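Secondary and tertiary structure notes
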Amino acid sequence: MSTFRFDLNQEYSERLEADAAAKRMSIQEYIRYKLFGEVSIFSVDEVIKRIQSGDFENKEFTVPDAYTDEEWSQIDRGNAGVLGKNFYIHITEHPELGIRFVPDRTIKRRAVYTYKSTL
């Protein structure tokens, strides 16, 4: 795998971070999205869509539960952590989604959530 490095001044760095956050993507995902139009299934929006359309109502779950075992095996540990963190931040900022963090509860060292439809 190739590694590319580039430098940004403060203004562009802040802009990149803000634009990635607005899309609920990591910076790496956002750069791929902007350069190649690549959209990953491992995004906050995708997790929310799967939860709201799946069988998660009134059940405890973790982010990987929104994916099949085969799909989840395709994400590396670092990106899984970034996805989990971004998901947590987004759902705590948007309680209207009906997804709630369950404090003091983990499953396999992962954060636990519940979902109650707002419809």
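The structure this text deals with has already been given above.
Residues numbered from 1 in each chain as written. Predicted model: local features only at pLDDT ≥ 70, side-chain atom pairs only at ≥ 80, totals over all residues. Heavy atoms only, no water.

Our next topic: the pairing of strand β3 (residues 110-115). Where strand β1 (residues 60-61) lies against β3, 2 bridges are found, and the strand directions are antiparallel. Residue pairing across strands places F61 opposite Y113, the latter belonging to β3. Hairpin connection between strand β2 (residues 99-107) and β3: a loop of 2 residues separates the two successive antiparallel strands, and K108 in this loop has a positive phi of roughly 50 degrees. (Pairing = 2+ DSSP bridges. Helix = DSSP H or I, 4+ residues; strand = E, 2+ residues; numbered from the N terminus.)

Bringing a nonpolar patch on the surface into the picture now. Among the surface-exposed residues, F6, L8 and Y12 lie close enough to one another that they form a single nonpolar patch of about 320 Å² accessible area. Along the chain, Y12 turns up in helix α1 (residues 10-22). Taking the relative accessible area as the measure of exposure, Y12 reaches 43% and is therefore partly exposed. (Patch = residues over 30% accessible without salt bridge, like charges linked within 9 Å, V, L, I, M, F, W, Y side chains within 5 Å. Areas by Shrake-Rupley, 256 points an atom, 1.4 Å probe, with all protein chains shown as cover. Salt bridge = Lys/Arg side-chain N within 4 Å of Asp/Glu carboxyl O. Buried < 20%, exposed > 50% of the residue type's maximum accessible area, 1.4 Å probe, protein only.)

Attention now moves to the pattern of salt bridges. Applying the stated rule across the entire model yields 8 salt bridges. A salt bridge links R50 to E71; the shortest N-O distance between them is 2.7 Å. In this pair, R50 sits in helix α3 (residues 44-53) while E71 sits in helix α4 (residues 69-72), placing the two residues 21 residues apart along the sequence. Close ionic contact of E60 with R105 constitutes a salt bridge, the shortest N to O distance being 2.9 Å. Here E60 is found in strand β1, whereas its partner R105 is found in strand β2, with 45 residues between them in sequence. Its relative accessible area of 40% is what places E60 among the partly exposed residues. Shared partners join several salt bridges into a network, and the residues in it are E46, K49, R50 and E71.

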